[in-house]
Amino acid sequence: MAVTSLTALQVMRDAPVIPVIVLHDVRYAVPLARALVAGGIRMLEVTLRTPEALDCMRAIAVEVSEAVVGAGTVRSPADAEAAARAGARFAVSPGFTPALGRACRDQGLPLLPGTATGSEIMTAQEEGFSALKFFPAVQAGGAAMLKAWQGPFGDVVFCPTGGIGPGNAADFLALPNVACVGGSWLVPGDALAQGDWARITQLAREAVALRI
């Protein structure tokens, strides 16, 4: 799948869950990616929250051909450029600005822009984005908010992220305007620290089984 052919909607519909990954050590990047792919999760959001994030993306992009590595916490045009250079094939942001949207287009990165209000959704749509992240999902109104948006924003599809785990993911995935959810529970800190790749693969399999 070439970068130019990948769309935000394809990223969202590949699996029920996009793992939100925070990595502090590049040594974990490749085995983690392989464990998630083995469980059926290919779209991997590595967040730009640590100094090692770009090196981790680069390692996954080079060594795990089955994975599609993306950059999370993309907040600026500079972030988008750095992520693209590191091999990212999509971007996820906690919010949205027109400048960020243009930068991601310039870099060939499909963007899932973060939105939490009707005005933010309208701003993203004005810039041509209709596959959006809803963040922070639970704190911003949860499934009830998404249900309310089905009327005025029936042409928008969401990836809710924030406060979502195995206990409530299915509630979000059952909504017609939700394509997937984002969550960190697929990569527990203790499993990562212990190199318990089998556990992470099992969590990925369970996430894939959430598809409605």
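First things first, this report covers the structure right here in the doc. Because the structure is a prediction, the values reported are computed rather than measured. (Residues numbered from 1 in each chain as written. Predicted model: local features only at pLDDT ≥ 70, side-chain atom pairs only at ≥ 80, totals over all residues. Heavy atoms only, no water.)

1. Observations concerning the layout of surface pockets
Worth spelling out the cut-off: For cavity detection a 1 Å grid was placed over the protein atoms alone, and a set of points counts as a cavity when a 1.4 Å probe fits there but cannot get out; an open set counts as a pocket when protein lies on both sides within 12 Å along at least five of seven lines, with lining residues being those that have an atom within 4 Å of a point. Grid points are joined across faces, edges and corners, and a volume is the space filled by probe spheres set on the points. Residues were grouped as follows: Ala, Val, Leu, Ile, Met, Phe, Trp, Tyr, Cys and Pro as nonpolar; Asp, Glu, Lys and Arg as charged; and all remaining residues, including Gly, as polar.
By volume, the largest pocket is sized at about 200 Å³. Ala 8, Cys 104, Arg 105, Gly 108, Leu 109, Pro 110, Leu 111, Gly 128, Phe 129, Ser 130 and Ala 131 together form the lining of the largest pocket. Taken together, the residues that form the lining of the largest pocket break down as seven nonpolar, three polar and one charged.

2. Some remarks on the sheet that holds strand 6 (residues 114–115)
Threshold: Strands pair, by our definition, only if DSSP identifies at least two bridges between them. A run of H or I in DSSP becomes a helix once it reaches four residues, and a run of E becomes a strand once it reaches two; helices and strands are each numbered from the N terminus. Whether two residues are in contact is decided by their heavy atoms, any of which lying within 4.5 Å being enough. In this description, a line fitted to the C-alpha atoms serves as the axis of each element, helices being fitted only across the stretch in contact, and the angle between N-to-C directions of two axes falls anywhere from 0 to 180 degrees.
The strand order 6-7-8 describes an open sheet built from three strands, whose pairing is parallel. Among the strands making up the open sheet, the edge pair consists of strand 6 and strand 8 (157–160). As paired elements, strand 6 and strand 7 (residues 131–134) share two bridges and run parallel to each other. Its bridge partner being in strand 7, Gly 114 is matched across the sheet by Lys 133. Relative to the sheet, helix 7 (residues 142–149) contacts strand 7 and strand 8, its axis offset from that of strand 7 by approximately 150°.

3. Section: the environment of Leu 32
Let me state the cut-off plainly: For every residue, the accessible area obtained with a 1.4 Å probe (protein chains only) is divided by the maximum for its type, and the residue is called buried under 20%, exposed over 50%, and partly exposed between those limits.
Tracing the chain through its elements places Leu 32 in helix 2 (residues 29–38). By relative accessible area, which is 1% here, Leu 32 ends up buried. Note: C-alpha distance between Leu 32 and Ser 76 (44 residues apart in sequence) is 27 Å. Apart from the residues lying within four places of it in its own chain, the contact partners of Leu 32 are Ile 21, Leu 23, Val 187, Leu 192, Trp 197 and Ile 200.

4. Some words on empty space enclosed by the protein
Considering all chains together, one arrives at one cavity of 30 Å³ or more under this definition. As a volume, the largest cavity reaches approximately 40 Å³. What lines the largest cavity is Ile 18, Glu 45, Val 92, Leu 112, Lys 133, Cys 159 and Thr 161. Residues belonging to the lining of the largest cavity are distributed by class as follows: four nonpolar, one polar and two charged.

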